[in-house]
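These are the residues of each chain, in order.
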Amino acid sequence: MSKLGEVVESVDKYNKFVLDQVKRARTDQKFGRELLGLWNDVKAKIPGTRTPTGLPLPRLALPEIDEPGEIARYIFGEGLPGEFPYLTAAYREMYLEPVREIESFEKDNGRARAQHARGGEGAPDKKIPQAEEPTRLFSGLMLAEDTNERFHYLTRHQRTHRLSTAFDGPTLYGIDSDADGVFGKIGEGGVAIDTVEDMVRLYDGFDLGSQNFSASMTISGPAPIIMAMYIAAAKLRFGRKVVPKLRGTIQADIFKEIQAQNETIFPIEPSLRFLSDMVEFTTREMPRWYPISISGYHIGEAGSTPVQQAAYTLSNGFAYAEMFAGRGISVDQFGPRLSFFLDCGLDVEYIALARVSRRIWAIGMRDVFGAGPKAQLFKLHTQTSGRSLIAAEFKNNLTRTAAELMLAYMNATNSCHSNSADEPFTTPSEEWIRLAAHGQAILLEESGIFKHTMNMLSGSPGMKAVERAVEAAILEEFREIERLGGVLAAVEERYQRSQIQNAAHRYEQQIYDGTRPIIGLNRYRDGADEIPEVKLVRTPRAKQQLQVDRLAKFKKKNAEKAKPALDKLAQAVEHGENFFPPLLEAVEVCSLGQITGRLQEVVGRFRPMV
């Protein structure tokens, strides 16, 4: 049995454990009294707050129950925010406005409750994290300085700067801007990055070592090279001592590329090896960095059902955990540095998809991998669904995104990107990206839905019904992947890819036959087919030429240093050494394409399976 099979067993066993605790609370009077006492103590210590209209509210909303069995079901089956199994939230408080002189509801009760939990996960950390805006908008356009300008525009009203970077097609494939046939793609759909000098320009004006700054980079195939460039750029600006202070994440998810997105540049095994080398280095040297973001978003955008998205993301995550543990890295070292990325669309599953994923991850990591509390956390970035954005009557996309944001925050996402309404036509303009950002601000700051009380909208009978159905469906997908021999074997069988393609076909069929209503497209359309006047963001030819000229200048300047650096890198790969330290040296004098090309000479190119 693979680790994934053990995860299925662990979730089943934990669900039985919860039912046993419910029964015990109802038959063992002493245990029942203890739980009731704990529950009443927790409720008594919940701080109060007041809305602007003066309405008194608790800082944490809990169900009004006083029956020991139902208390046991809640404590063990869901957990208080920030407590195992983390169904309600990964952290004790999220999105809430600061309140002076708050006494934490957790203060005296965490250790007592922990004694009742199977396996004794220990007392939770009592330090409440500082409030940080969850908004993290994805951006990338034209050249590095253009994206830098957009970054400054997006963060000018934020107390914390959380940047998310989109790269252009050539960069995603590890190709230089001077390669044959790519000139027209330079800076389209993302930012062009060829060298460490581009990386310096990209984040110019931001304090990369600040506690209030983090950078996210959405790239997987050449992720270790881009990661090394980021480190090198930070050292150029702030010196070597900045490296342990760097905070952020890089996607680096090879499995989802093969399953859904197609931006794989090396064969599977070398790709996973390069990823593991990077994870090993960053886990040791960069304690604030997340070296992999296990992504379901692209799986969802490729056409999967919500359940498939969550099941493949989670199973990929467990496969990475098994791989890193096999590398000799402690689960309590790499576990806290794993992050996740999910889509959020309008299907009913999204009411509970992230909540259920958080619970399954926590149980699997604790009971199969022996992870401590910090490594049990499913730390999640959510993006509203790009697939749901429709060109027909595109202003309706504002409403779609607003509804998806509500679902994302109901699921207690840790950070969030809201798509722009004009994305069916173009890289977002400032006008529409500002409206996308304001959508989150209206929900989190202007409305009172999330800023006064934790757990405001969770726990309805409908949500619980969806949770049960989604968990059962995810575990059934796990069983099928296990039957095929595990994640890697299923990937080689093209199982995930075929299932995503089948789901995508059904989705499109449902749109065309009208069983899936799309307002303004197949329902309530006003009959107008004119293309709306939307400002298109395109990279001028002069800027594309500037990128090519800069690259030529960089290569000429470093011509004598590049070959020895590439030779040293190739030698490390051939000898089975960790390739990341020589990669850090190579990016200072070599371009992205030069490094990719040399590595492909050593390990080969990715060939899609047929």
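This structure is a prediction, so every number in the text was calculated from the model and none was measured.

Rules used throughout
Residues numbered from 1 in each chain as written. Predicted model: local features only at pLDDT ≥ 70, side-chain atom pairs only at ≥ 80, totals over all residues. Heavy atoms only, no water. Helix = DSSP H or I, 4+ residues; strand = E, 2+ residues; numbered from the N terminus. Rg over C-alpha atoms; globule rule 2.2 N^0.38 Å. Buried < 20%, exposed > 50% of the residue type's maximum accessible area, 1.4 Å probe, protein only. Contact = heavy atoms within 4.5 Å. Pairing = 2+ DSSP bridges. Axes fitted to C-alpha atoms, helices over the stretch in contact; angles between N-to-C directions. Expected span 1.5 Å × (residues − 1). pLDDT = per-residue confidence, 0-100. Parallel < 35°, antiparallel > 145°, perpendicular 65-115°, else oblique. Left-handed = near helix turned anticlockwise from the far one by under 90°. Salt bridge = Lys/Arg side-chain N within 4 Å of Asp/Glu carboxyl O. Right-handed = clockwise from strand over helix to strand, strands pointing away. Phe/Tyr/Trp six-rings, centres within 6.5 Å; stacked < 30°, edge-to-face > 60°. Lys NZ or Arg CZ within 6 Å of the ring centre and 35° of its normal.

### Comments concerning the overall build of the protein chain
Of regular secondary structure, the protein chain possesses 23 helices and eleven strands. Whereas a compact globule of 610 residues would reach a radius of gyration of roughly 25 Å, the protein chain reaches 25 Å, a difference of no more than 12%. Overall size of the protein chain, expressed as C-alpha extent along the three principal axes, is 80 × 60 × 50 Å. The buried share of the protein chain, reckoned over its 610 residues, is 58%. Restricting the contact set of the protein chain to residue pairs at least 6 apart, pairs at least 24 apart contribute 78%.

### Describing the sheet that holds strand S4 (residues 161–166)
Overall, parallel pairing links the five strands, which are arranged S3-S4-S5-S6-S7 in an open sheet. Edge positions in the open sheet fall to strand S3 (138–139) and strand S7 (289–290), since each of these has one partner strand only. The pairing of S4 with strand S5 (residues 213–218) spans six bridges and is parallel. Across the sheet, Leu 163 pairs through a bridge with Ala 215, a residue of S5. Relative to S4, helix H5 (residues 144–155) is tilted by about 145 degrees, and along the sheet it contacts S3 and S4.

### Points about helix H17 (residues 461–483)
Spanning 23 residues, H17 covers 33 Å between terminal C-alpha atoms, matching the ideal 33 Å at 1.5 Å per step. Among the structural elements, helix H1 (3–27), helix H12 (306–326), helix H14 (353–367), helix H15 (397–410), helix H18 (487–492) and helix H19 (495–513) are those in contact with the buried residues of H17. Downstream of H17 by a residue or two, Gly 485 has a phi angle that is positive, lying close to 110 degrees.

### Overview of the confidence of the model for the protein chain
The share of residues in the protein chain with pLDDT of 70 or more is 94%, and the mean pLDDT across the chain is 90. pLDDT under 50 marks residues 101–112. Its contacts with residues more than four places away, or in other chains, come to 29 contacts. A low-confidence stretch, residues 114–130 (pLDDT under 50), is modelled with 33 contacts involving residues beyond four sequence positions or located in other chains.

### Points about the pairing of strand S8 (residues 292–295)
By the alternation rule, side chains of S8 split into Ile 292 and Ile 294 and Ser 293 and Ser 295, which are all buried. Where S8 meets strand S9 (residues 338–344), four bridges bridge the pair, whose relative direction is parallel. Residue pairing across strands places Ile 294 opposite Phe 340, the latter belonging to S9.

### Digging into the sheet that holds S8
With parallel pairing, four strands are arranged side by side in an open sheet as S8-S9-S10-S11. Every other strand in the sheet has two partners, leaving S8 and strand S11 (415–417) as the edge strands with one partner each. Across the sheet, the axes of successive neighbouring strands diverge by a mean angle of 25 degrees, strand direction being ignored. Bridge count for S9 against strand S10 (residues 380–384) is five bridges, and the pairing is parallel. Paired with Leu 342 across the bridge in S10 is Thr 382. Running at roughly 145 degrees to S8, H12 makes contact with S8 and S9 of the sheet.

### What about the packing of helix H10 (residues 268–285) against H12?
Their axes nearest at 11 Å, the elements H10 and H12 cross at an angle of 70 degrees. Comparing the axis directions of H10 and H12 gives the class roughly perpendicular. Considering only the axes of H10 and H12, their crossing is right-handed. The segment H10 lies against H12, with Leu 272, Leu 275, Ser 276 and Val 279 engaging Tyr 320, Met 323 and Phe 324.

### Observations concerning the pattern of salt bridges
According to the stated counting rule, one finds 34 salt bridges in the structure shown. Residue Arg 538 is joined to Glu 188 by a salt bridge in which the shortest nitrogen-to-oxygen separation is 3.9 Å. Pair noted here: Arg 538 is in the loop between H19 and helix H20 (541–557) and Glu 188 is in the loop between helix H6 (169–172) and helix H7 (196–202), with a separation of 350 residues, a long-range link. Overall, the relative accessible area of 44% leaves Arg 538 in the partly exposed class. Note that Arg 366 is salt-bridged to Asp 367, the shortest N-O span being 2.7 Å.

### Considering the pairing of S9
Most of S9 sits out of view: seven of its seven residues are buried. The alternating pattern of S9 places Leu 338, Phe 340, Leu 342 and Cys 344 on one face and Ser 339, Phe 341 and Asp 343 on the opposite face, and all of these are buried. Note on the crossover from S9 through H14 to S10: the handedness is right-handed.

### Examining the packing of aromatic side chains
Counting across every chain of the model gives 28 aromatic pairs. Ring centres of Phe 318 and Trp 361 lie 4.6 Å apart, and the angle between their planes is 25 degrees; this geometry places the pair in the stacked category. With Phe 318 in helix H12 and Trp 361 in helix H14, this pair connects stretches of sequence that are 43 residues apart. As far as the burial class goes, Phe 318 and Trp 361 line up, both buried. Each member of the aromatic cluster is reached from another via a ring pair, and the members are Phe 151, Tyr 203, Phe 206, Phe 213, Tyr 230 and Trp 289. For Lys 3, the ring lying beneath its charged end belongs to Phe 369, and the centroid distance is 5.6 Å.

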